[in-house]
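Residue strings, one per chain:
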Amino acid sequence: MISPSDAANTDSSIFQVIARTLQDLYLIKSSMVLDVRASKLEQSGSHQAAVELREELISLTQEIVNRNRENLAFSLSSLEEDLRTLERFGEAAATGEEIVQIRRTLVKHNRGKFLPNLAYSLDKLAGDLEDSCRPEDAVRVGKEVIDLYQELVDLDRETYLPELAQSYNNLEYSFRYTGKVEEVLEFQEKAVRLWKELVEKSRDTHLPGLNTCLMELVNILNRSARFQEAMQPGKEAVDIGRELVEKDRVTYLPKLAKTLHNMTFTFSKLERFDEAVEAGKEAVTTRQELVTNDRDNNLADLASSLSLLGSSLDKAGRIAEAMEVTEELVNVYKELMKRNREKYLPQLAQSYSSLSEYLLKCK
């Protein structure tokens, strides 16, 4: 059975096709009328007037050709989306490349009109290439997306700045698999600056985008062992996360939990263990709330935060508290092991080992 939303989307697509078809028919009829009029002018010897009509006819015919190309690109875009939904990413990428080729041709005829569609299609293609395990190709296409959106921003900053900022974010996802850390950082820091500009114009609209961007920047810096540099964006992400949670707790609490977990890791690597414990306790409390609401999807994350908090407490010399946290961790891993013994048995064994070490330290 088709859901109401799917039915609505289907109806919308059908009406769009009908509208485009009617417009095409009108253009074709107009071109036929022009052709007849030009022929009559030629027969009467009015060749200059006939030339002007022929030029108008050629322009109209080119418009018809372009509309047919755009109609084909539109249909292929729907196919690309379906293939992506089915996780047939290689086929989606091949379809995306065909769409891009069509829209490149259209841009040659009318850059101003078709450039936004080309940028959009390239962005989708970059995602397909990344999902197809072709990160180098995804980066190449992603860089072109940024160039095109930058061109569009120069023409209309208000309309296209959000797309430019998001394209920087998307490029980071592709870059992370290439090992080009400095380039990744350059693009992500640029993305942060763009999102901050957007937030100044409309805080409610763009604050979630800035939050996501800052979280990714912290992840990049942590993966690169640049923990000191991760501190400032991490603190910003925590502050923004708290603000977003006040507005919509259900949507943004998982992100705040992740940000707090990452900050616990950063503090620990900088040997600022008391601060690591403070952030870690809040991360655990937050994830315990998430587990209460949805145990299946959040229990593994709670285990990760408990493990990091236990380690931070140990390094801070707070062994009794570390033992208490690790005992809870053992119980969580026992439950997780029932779901996937192969995956969680090593973690359970490590937790028992840590618990034994804490017992020895207490003697």
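Let us look at the structure shown here.

### Observations regarding the overall build of the chain
Okay, so step 1: Each helix and strand in the chain was counted, giving 14 helices and zero strands.
Okay, so step 2: From first element to last, N terminus to C terminus, the chain shows the α and β order α-α-α-α-α-α-α-α-α-α-α-α-α-α.
Okay, so step 3: Counting every position in the chain, which comprises 363 residues, the buried fraction comes to 42%.
Okay, so step 4: Restricting to contacts in the chain with at least 6 residues of sequence separation, those with at least 24 account for 60%.

### What to know about the pattern of salt bridges
Okay, so step 1: Tallying each qualifying case throughout the model produces 27 salt bridges.
Okay, so step 2: Across the pair Glu183 and Lys143 runs a salt bridge whose closest N-O atoms are separated by 2.9 Å. Here the residue Glu183 occupies a position in helix H7 (residues 181-201), and Lys143 occupies one in helix H5 (residues 135-155), the gap between them amounting to 40 residues.
Okay, so step 3: Given a relative accessible area of 25%, Glu183 falls into the partly exposed group.
Okay, so step 4: The shortest N-O distance in the salt bridge between Glu236 and Lys196 comes to 3.1 Å. Residue Glu236 is located in helix H9 (residues 227-247), and its partner Lys196 is located in helix H7; the two are separated by 40 residues in the primary sequence.
Okay, so step 5: Residue Lys196 is classed as partly exposed on the basis of its relative accessible area, which comes to 33%.
Okay, so step 6: Taken together, the shared-partner salt bridges in this structure form one network comprising Glu80, Glu81, Arg84 and Asp128.

### Quick word on the packing of helix H10 (residues 249-269) against helix H12 (residues 295-315)
Okay, so step 1: One way to put it is that H10 packs onto H12 with a least axis distance of 10 Å and a crossing angle of 25°. The angle between H10 and H12 falls in the class roughly parallel. In this structure, the crossing between H10 and H12 has a hand that is left-handed. Of H12, the residues touching H10 (which contributes His261, Thr264, Phe265 and Ser268) are Ser304, Ser305, Leu308, Ser312 and Lys315.

### Focus on helix H3 (residues 89-109)
Okay, so step 1: Look at H3: 30 Å from first C-alpha to last across 21 residues, which is about the 30 Å you get at 1.5 Å a residue.
Okay, so step 2: Of all the positions in H3, only Ala92, Ala93, Thr95, Gly96, Ile99, Val100, Ile102, Arg103, Leu106 and Val107 are classed as buried.

### Section: the side chain of Asn211
Okay, so step 1: With respect to the helices, strands and loops of the structure, Asn211 is situated in helix H8 (residues 203-223).
Okay, so step 2: Excluding its chain neighbours within four sequence positions, the residues that come into contact with Asn211 are Ala237, Ile240, Gly241, Leu244 and Lys255.

### Here's the deal with the environment of Gly209
Okay, so step 1: Along the polypeptide, Gly209 turns up in helix H8.
Okay, so step 2: Each C-alpha atom of the pair Gly209 and Leu198 lies 9.3 Å from the other, and the pair is eleven residues apart in sequence.

About the thresholds
- Residues numbered from 1 in each chain as written.
- Predicted model: local features only at pLDDT ≥ 70, side-chain atom pairs only at ≥ 80, totals over all residues.
- Heavy atoms only, no water.
- Helix = DSSP H or I, 4+ residues; strand = E, 2+ residues; numbered from the N terminus.
- Buried < 20%, exposed > 50% of the residue type's maximum accessible area, 1.4 Å probe, protein only.
- Contact = heavy atoms within 4.5 Å.
- Salt bridge = Lys/Arg side-chain N within 4 Å of Asp/Glu carboxyl O.
- Axes fitted to C-alpha atoms, helices over the stretch in contact; angles between N-to-C directions.
- Parallel < 35°, antiparallel > 145°, perpendicular 65-115°, else oblique.
- Left-handed = near helix turned anticlockwise from the far one by under 90°.
- Expected span 1.5 Å × (residues − 1).

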